[in-house]
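Structural characterization, general
So you can see what is in the structure, the chains are spelled out below.
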Amino acid sequence: MLPPVESQPAMTAPSVAEPAPKTAAEPLIRIRGLHKFYGTFEALKGIDLDVRSGEVVVVIGPSGSGKSTLIRCINLLEDYDRGEVLVDGKRVLRGAQLAAVRAEVGMVFQSFNLFPHLTALANVALGPLRVRGLPRREANARAQTLLERVGLADQAYKLPGQLSGGQQQRVAIARALAMEPKVLLFDEPTSALDPEMVGEVLDVMQSLARSGVTMVVVSHEMGFARRVADRVIFMEAGRVVEQASPEIFFTKPNEERTRAFLQAVLQH
Amino acid sequence: MNLIDTFFNWAVFRDSLPALLQGLWITILLGVVSIVAGLVSGLLMALLRLYAPAPVRALARIYIDVFRSIPLLVLLVLVYYALPFVGIRLSSFTSAATALTLVSCAYTAEIFRAGIEAIPKGQFEAAEAIGLGFFSSMRDVILPQAFRIVVPPLTSNCINVLKDTALASVVAMPDLLKQATQAQALSANPTPLIGAALLYLLLLLPLVRLVGYFEARHRAATR
């Protein structure tokens, strides 16, 4: 569930799968011993990771470190070979349950992946309409509210091809939010954008983080990680090398490899 | 007898025209029935070929390969003349429609498969990520995009089916060609055949132009 939006109480309408009351100790995402192979190449070498409800986790690391693979395993866009992934206490596995688990996990892609034949509004309304079974009027109303939230109220009836990259990515964020997911995954959400559009997307993400949305963000945006993250995770060669709060992570990291990476990316 | 009297005999043409138009109607009816049945079954076959469990997938592939290989005339003769030996007796219309549909289904399935496979992987992932099931993913996301891609080849296939209806005359269907050959025999003059050719052109030329238009539009849209 998303936290309420002050001006729009409709946003707090109950979602289909209300979570059972859980103890504070139980993480929203729980990953244990996750291994993933591409042929003989081991992309993930035993990842353990917990994400608490309301937490913003930013995953950084060199390309090929497995960070995208990791978050794609959370909603099983990528099959994993060993270990387990639990979202809100439910195991993420192939089978009849999968669509229901996926509906609780929003995903924002590097290349937006909007549906090009549908308007911005229809893109956002599709999930509530088909998965949550909302009547079309309600689904459209929810979509309109979310487009307002990402600053695109006046673009609702445009096709994705008529929008800028930054606008498309904001529609994609609204589309993910429309399912009222328990967690939002971002897979390098600004990497395909022209530089002048990065800011508008990061602003939306920052406001989501402030309103308490649980987020796991794979990104190269160090400024965003520093400002917004509750925890920064550094991955390299399929392993979590280091994780810490941004204050500690960016000022006095423990690991030599973290220091080397930060030096390389922060130098310019 | 000169050329005009032989091939473009107005009196003969006028006399044969009612029969020709009757034949044209049968041709259109047979074509439309086969095209619609071929589209529906072809889409289903494409989905089986792509997404069914492995054994069904293999069967679908075999079906598609076999019915794209077998000459329609052979199939038509089998359906009309051989099936009665195992107790299945179909009318000439049903035989022709069945044979045309069986073949059109195979070609249509390949066209749809190519269209679906042309949709970027990210579209499937985005549909999966918001929790859409298979049916909704197909109906709301994948097929609407695939349809746009396959309109030109589908129209081409429709033209082929309409042309192939002429083969139905071998199973005694009173289609356009059959009517023309009968009228030719009756009047001892080939003018009705010319008339039939004109009617075929009248029917199919607009469709051929339509394919060209769709292709130009598609190029413009994806430039």
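Below you will find a few notes about this structure. (Residues numbered from 1 in each chain as written. Chains lettered and ligands numbered in written order. Predicted model: local features only at pLDDT ≥ 70, side-chain atom pairs only at ≥ 80, totals over all residues. Heavy atoms only, no water.)

1. Remarks on the overall build of chain A
- Within chain A, the secondary structure is distributed over nine helices and ten strands.
- Rg of the C-alpha trace for chain A: 18 Å, near the compact-globule value of 18 Å for 268 residues, within the 12% margin.
- Projected onto the principal axes, the alpha-carbon positions of chain A cover approximately 55 × 40 × 35 Å.
- Relative to its 268 residues, chain A shows a buried fraction of 54%.
- Summarising the internal contacts of chain A: among those between residues at least 6 apart in sequence, 65% fall at separations of at least 24.
- Summed over its atoms, the accessible surface of chain A is roughly 11,500 Å², and 51% of this surface lies on carbon and sulfur atoms. (Helix = DSSP H or I, 4+ residues; strand = E, 2+ residues; numbered from the N terminus. Rg over C-alpha atoms; globule rule 2.2 N^0.38 Å. Buried < 20%, exposed > 50% of the residue type's maximum accessible area, 1.4 Å probe, protein only. Contact = heavy atoms within 4.5 Å. Areas by Shrake-Rupley, 256 points an atom, 1.4 Å probe, with all protein chains shown as cover.)

2. With respect to a nonpolar patch on the surface
- A contiguous nonpolar patch, built from Leu3, Ile4, Phe7 and Phe8 of chain B and spanning about 410 Å² of accessible area, is present on the exposed surface.
- Its relative accessible area of 49% is what places phenylalanine 8 of chain B among the partly exposed residues. (Patch = residues over 30% accessible without salt bridge, like charges linked within 9 Å, V, L, I, M, F, W, Y side chains within 5 Å. Salt bridge = Lys/Arg side-chain N within 4 Å of Asp/Glu carboxyl O.)

3. Quick look at helix α1 (residues 67-74) of chain A
- Most of α1 of chain A is tucked away: seven of the eight residues are buried.
- Looking one or two places after α1 of chain A, you find leucine 76 of chain A, whose phi comes out positive at around 60°.

4. Thoughts on unusual backbone geometry
All names here are of chain A.
- Phi at phenylalanine 112 takes a positive value of approximately 65°, unusual for a residue other than glycine.
- Tracing the backbone through its elements, the reader meets phenylalanine 112 in the loop between β6 (105-108) and α3 (120-130).
- Phi is positive for asparagine 113, close to 55°, though the residue is something other than glycine.
- With respect to the helices, strands and loops of the structure, asparagine 113 is situated in the loop between β6 and α3.

5. A look at the interface of chain A and chain B
- With 21 residues of chain A at the contact, the number on the chain B side is 18 residues.
- Together, Phe115, His117 and Arg130 of chain A form the three largest contributors to the area buried by chain A at its contact with chain B, with a combined 34%.
- There are three salt bridges connecting chain A and chain B.
- Linking aspartate 140 of chain B and arginine 130 of chain A is a salt bridge whose minimum nitrogen-to-oxygen distance equals 2.6 Å.
- Only α2 (98-103), β6 and α3 of chain A provide two or more residues apiece to the side of chain A that touches chain B.
- Residue classes in the side of chain A that touches chain B are distributed as 13 nonpolar, four polar and four charged. (Buried area = accessible area lost by both parts, 1.4 Å probe. Nonpolar A, V, L, I, M, F, W, Y, C, P; charged D, E, K, R; others polar.)

6. Focus: the sheet that holds strand β3 (residues 56-60) of chain A
Residue and element names in this part refer to chain A.
- An order of β6-β7-β8-β3-β9-β10 is seen for the six strands of this open sheet, with the pairing classed as mixed. Strands at the two margins of the open sheet, each flanked by one partner only, are β6 and β10 (239-244). Taking the axes of each pair of neighbouring strands and ignoring which way they run, one obtains an average angle of 20° across the sheet.
- One ladder, built from four bridges, connects strand β7 (residues 183-187) with strand β8 (residues 215-218); its direction is parallel. For leucine 185, the partnering residue across the bridge sits in β8 and is valine 216.
- Contacting β3, β6, β7, β8 and β9 (231-236), α1 runs over the sheet at an angle of about 150° to β7.
- The sheet contacts of helix α6 (residues 195-210) involve β3, β7 and β8, and relative to β8 the element is tilted by about 150°. (Pairing = 2+ DSSP bridges. Axes fitted to C-alpha atoms, helices over the stretch in contact; angles between N-to-C directions.)

7. Details of the packing of helix α4 (residues 72-82) of chain B against helix α5 (residues 92-117) of chain B
Residue and element names in this part refer to chain B.
- Close contact between α4 and α5 brings their axes to 9 Å; oriented N to C, the two are set at 140°. The pairing of α4 with α5 is recorded here as oblique in orientation. Pair α4 / α5 crosses with right-handed handedness. Here Leu72, Leu75, Leu76, Val79 and Tyr80 of α4 lie close against α5, whose contacting residues are Ser92, Ser95, Ala96, Ala99, Leu100, Leu102 and Val103.
- For the contact of α4 with α5, the residue count by class is ten nonpolar, two polar and no charged. (Parallel < 35°, antiparallel > 145°, perpendicular 65-115°, else oblique. Left-handed = near helix turned anticlockwise from the far one by under 90°.)

8. Examining the pattern of salt bridges
- Scanning all chains against the criterion turns up 22 salt bridges over all chains.
- Between arginine 102 of chain A and glutamate 128 of chain B there is a salt bridge; the shortest N-O distance is 3.1 Å. Residue arginine 102 of chain A is found in helix α2, and its partner glutamate 128 of chain B is found in helix α6 (residues 121-129); the two belong to separate chains.
- For glutamate 128 of chain B, a relative accessible area of 29% translates into the label partly exposed.

9. Focus: the packing of aromatic side chains
- Under the counting rule described, the total for this entry stands at eight aromatic pairs over all chains.
- With a centroid separation of 5.8 Å and an interplanar angle of 50°, the aromatic rings of tyrosine 213 of chain B and phenylalanine 214 of chain B are classed as tilted.
- In this structure, arginine 175 of chain A packs its charged tip against the face of phenylalanine 115 of chain A, placed 4.5 Å from the ring centre. (Phe/Tyr/Trp six-rings, centres within 6.5 Å; stacked < 30°, edge-to-face > 60°. Lys NZ or Arg CZ within 6 Å of the ring centre and 35° of its normal.)

10. What about the environment of phenylalanine 115 of chain A?
- Relative to the helices and strands, phenylalanine 115 of chain A resides in the loop between β6 and α3.
- Assessed through its relative accessible area of 0%, phenylalanine 115 of chain A is described here as buried.
- Along the backbone, phenylalanine 115 of chain A and leucine 126 of chain A are eleven residues apart, and their C-alpha atoms lie at a distance of 9.9 Å.
- Excluding residues within four positions of it along the chain, phenylalanine 115 of chain A makes contact with Asn123, Leu126, Pro160 and Arg175 of chain A together with Gln123, Ala126, Ala127, Ile130 and Val141 of chain B.

11. Considering the nonpolar core
- Formed by 84 residues in total, the largest nonpolar core has its most connected members in Ile31 and Leu34 of chain A.
- Core analysis: the second largest hydrophobic core is formed by 54 residues, Val124, Val150, Met205 and Phe224 of chain A among them. (Core = buried A, V, L, I, M, F, W, Y, C linked by side-chain atoms within 4.5 Å.)

12. A look at the side chain of arginine 142 of chain A
- Considering the arrangement of structural elements, one finds arginine 142 of chain A in helix α4 (residues 136-149).
- Residues within four places of arginine 142 of chain A in sequence aside, it is in contact with Pro128, Leu134, Ala178 and Glu180 of chain A.

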